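This is what each chain is made of:
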There are 2 protein chains.
Amino acid sequence: MKLPPLVQAFVLHFGEMGSRWGINRTVGQIYALLYIAPEPLCADDMVEQLGFSRSNVSIGLKELQSWNLVRLLHRPDDRRDFYTTPDDIWQIVRTLVEERKKREVDPTLSILRELLMQTPGTAEERHAQDRMREMHELIELLCGWYDDVRRMETERLVQLLSMGAKVQKILEMKDRLFTLPGGRRTEKEG
Amino acid sequence: MKLPPLVQAFVLHFGEMGSRWGINRTVGQIYALLYIAPEPLCADDMVEQLGFSRSNVSIGLKELQSWNLVRLLHRPDDRRDFYTTPDDIWQIVRTLVEERKKREVDPTLSILRELLMQTPGTAEERHAQDRMREMHELIELLCGWYDDVRRMETERLVQLLSMGAKVQKILEMKDRLFTLPGGRRTEKEG
DNA sequence: TACATCTTTCAGAAATTTCTGAAACTAGAG
DNA sequence: CTCTAGTTTCAGAAATTTCTGAAAGATGTA
């Protein structure tokens, strides 16, 4: 691996973290390299800089493509494929979350739905189903929220995130505004 | 494996998803079983119901304990350890997020901080560092938000999540309230 | 057509992770 | 102290994942 020390440390870290993030070392390193590279890279650049075999890099790139995490581009008079990550890091995060949801959440959601359709035979099954229902509701709530948030413009999103718990203050204010003197809420609120 | 079909399907699913979630099959199945079991279980119950070896279950339970995901409890006149998950599923989610952050985000944050302290030698390193800085800022923003949110009471949290993008409406309202006629913001905002 | 350049596939080697059974360990009861 | 009922550890077997080199495929050029 021939990289400036700073870059190398970054790339190696992403390789190590790869396994914790459910991708492998090669894929982690390739992505890290693409992310910090000032220019698009071709597969052979990666082979040279990371020291993996050509085929390993090829498979890693396929994997990244299946995650929609890289852009493929070409240069005039050059048959090679060049790869980059989006310049906008928020775009990267959005894609990452979207894909992880697709792989890590959606299958569970659909199994839960399926199992909740069934009629429980025993008390044990009934209890199991209650527990699954709780889980299903929670995941649906989170997904609903996510589905709203992902449509927000980045600027708004940043604004919201920066506020953190201050949103709560606003909610409390809203509650005061819309709550009748006796403590009950107005009809519109729920 | 001797379990009611409904329970079995659930448990098997969590086993399969285990690898995508960075835990293994055994751990996934054990947790699923504990989650839907109406009563606390001891290790031998799990051996019987899941068909793993005793030692495998033991290691799986240790792993779950290291994630703070199970509670250990004892019965009078019984030396065995019994295990459960918290009744409150929100508590489970909170723990899960906390632990994943600890393992999947914090190490990256600290490497980034470290690398950003260094003085870049070349233009390439300078560019790499800029890119790392973007990443660092984004992660800090998310962590700051998370740090606020995790302290919220569950009821408030649910309220917030249910609102989804409606929060945006409130923000816009707030903007209107605090924005001077000319379009500039008041000093307090920003 | 033959050739050059680049990419992909794939069988098997290498490495890593998971799982098991046997042995070691722990702590209360007699 | 010894027995018993439990838990943990650990070396190696089994399974899975990752990685490689060689071969095949694709595509543009002469």
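Per an unreviewed UniProt entry, chain A goes by HTH-type transcriptional regulator and derives from Niveispirillum lacus. What the UniProt record of chain A gives under Sequence similarities (unreviewed entry) is the line "Belongs to the GbsR family."

Caption draft 1: Region of the structure containing the overall build of chain A. Within chain A one finds eight helices and three strands. Listing every helix and strand of chain A by position from the N terminus yields α-α-β-α-α-β-β-α-α-α-α. Radius of gyration (C-alpha) of chain A: 24 Å, far over the 16 Å computed for a compact globule of 190 residues. For chain A, the spread of C-alpha atoms along the three principal axes comes to 75 × 50 × 30 Å. Within the span of chain A, comprising 190 residues, buried residues form 45% of the whole. Sequence separation of at least 24 residues holds for 51% of the intrachain contacts in chain A that already meet a minimum separation of 6. Accessible area of chain A: about 10500 Å², with a carbon and sulfur share of 51%. Each charge class in chain A can be summarised by its mean position, and for the 28 positive and 30 negative side chains these summaries are 3 Å apart.

Caption draft 2: How the structure looks around the pattern of salt bridges. Within this structure, the stated rule accounts for 28 salt bridges over all chains. The residue Glu98 of chain B makes a salt bridge to Arg150 of chain B at a minimum N-O spacing of 3.1 Å. Placement of Glu98 of chain B in helix α5 (residues 89–117) and of Arg150 of chain B in the loop between α6 (123–149) and α7 (154–163) is noted, with a sequence separation of 52 residues between them. Lys101 of chain B serves as the salt-bridge partner of Asp106 of chain B, at 3.0 Å between the closest nitrogen and oxygen. By relative accessible area, which is 21% here, Lys101 of chain B ends up partly exposed. Three or more residues are tied together by salt bridges with common partners; here these are Glu98, Asp147, Arg150 and Arg151 of chain A.

Caption draft 3: Layout of the relation of the copies chain B and chain A. Superposition record for chain B on chain A: RMSD 0.1 Å, screw rotation 180°, translation along axis 0.0 Å. The superposition of one copy onto the other is thereby described by a two-fold rotation axis. Scanning chain B for the C-alpha nearest the rotation axis identifies Gly22 of chain B, at a separation of 3.0 Å. Taken as a fraction of all interface residues of chain B, those also at the interface in chain A reach 100%, which identifies the copy contact as same-surface.

Caption draft 4: Region of interest: the confidence of the model for chain A. Residue and element names in this part refer to chain A. Mean pLDDT for chain A: 89, with 94% of residues reaching 70 or above. Of all the helices and strands in chain A, helix α8 (residues 166–178) carries the lowest mean pLDDT, 76, while helix α6 (residues 123–149) carries the highest, 96. In this model residues 186–190 is a low-confidence stretch, pLDDT under 50, and it forms four contacts with partners more than four residues away in sequence or in other chains.

Caption draft 5: The arrangement of the interface of chain B and chain A in detail. If you look at the interface, chain B gives 62 residues, while chain A gives 62 residues. If you list the elements that add at least two residues to the side of chain B that touches chain A, you get α1 (5–20), α2 (25–36), α5, α6, α7 and α8 (166–178) of chain B. At 14 residues, α6 of chain B tops the list of elements feeding residues into the side of chain B that touches chain A. Here the residues of the side of chain B that touches chain A sort into 38 nonpolar, ten polar and 14 charged.

Caption draft 6: Geometry of the protein's contact with DNA strand D. Around DNA strand D there are 15 residues in total, and Thr26 and Ser55 of chain A together with Arg54, Arg79 and Arg80 of chain B lie nearest to it. For DNA strand D, the backbone portion of the atoms within 4 Å of the protein, that is sugar and phosphate, comes to 64%. Within the contact set of DNA strand D, a base oxygen lies 2.6 Å away from a side-chain nitrogen or oxygen of Ser55 of chain A. In this structure, Asn56 of chain A approaches DNA strand D through a side-chain N or O atom, which is 2.9 Å from a phosphate oxygen. Those elements that provide at least two residues to the surface near DNA strand D are α2 (25–36) and α4 (54–66) of chain A together with α4 (54–66) and β3 (78–84) of chain B.

About the thresholds
- Residues numbered from 1 in each chain as written.
- Chains lettered and ligands numbered in written order.
- Predicted model: local features only at pLDDT ≥ 70, side-chain atom pairs only at ≥ 80, totals over all residues.
- Heavy atoms only, no water.
- UniProt positions renumbered as here; feature names shortened; annotations may be inferred.
- Helix = DSSP H or I, 4+ residues; strand = E, 2+ residues; numbered from the N terminus.
- Rg over C-alpha atoms; globule rule 2.2 N^0.38 Å.
- Buried < 20%, exposed > 50% of the residue type's maximum accessible area, 1.4 Å probe, protein only.
- Contact = heavy atoms within 4.5 Å.
- Areas by Shrake-Rupley, 256 points an atom, 1.4 Å probe, with all protein chains shown as cover.
- Lys, Arg positive; Asp, Glu negative; His and termini not counted.
- Charge placed at Lys NZ, Arg CZ, Asp CG, Glu CD.
- Salt bridge = Lys/Arg side-chain N within 4 Å of Asp/Glu carboxyl O.
- Least-squares fit on C-alpha atoms with pLDDT ≥ 70 in both.
- pLDDT = per-residue confidence, 0-100.
- Nonpolar A, V, L, I, M, F, W, Y, C, P; charged D, E, K, R; others polar.
- Near = heavy atom within 4 Å.
- Polar contact = N/O pair within 3.5 Å; in protein donor to acceptor, adjacent residues only side chain to side chain.

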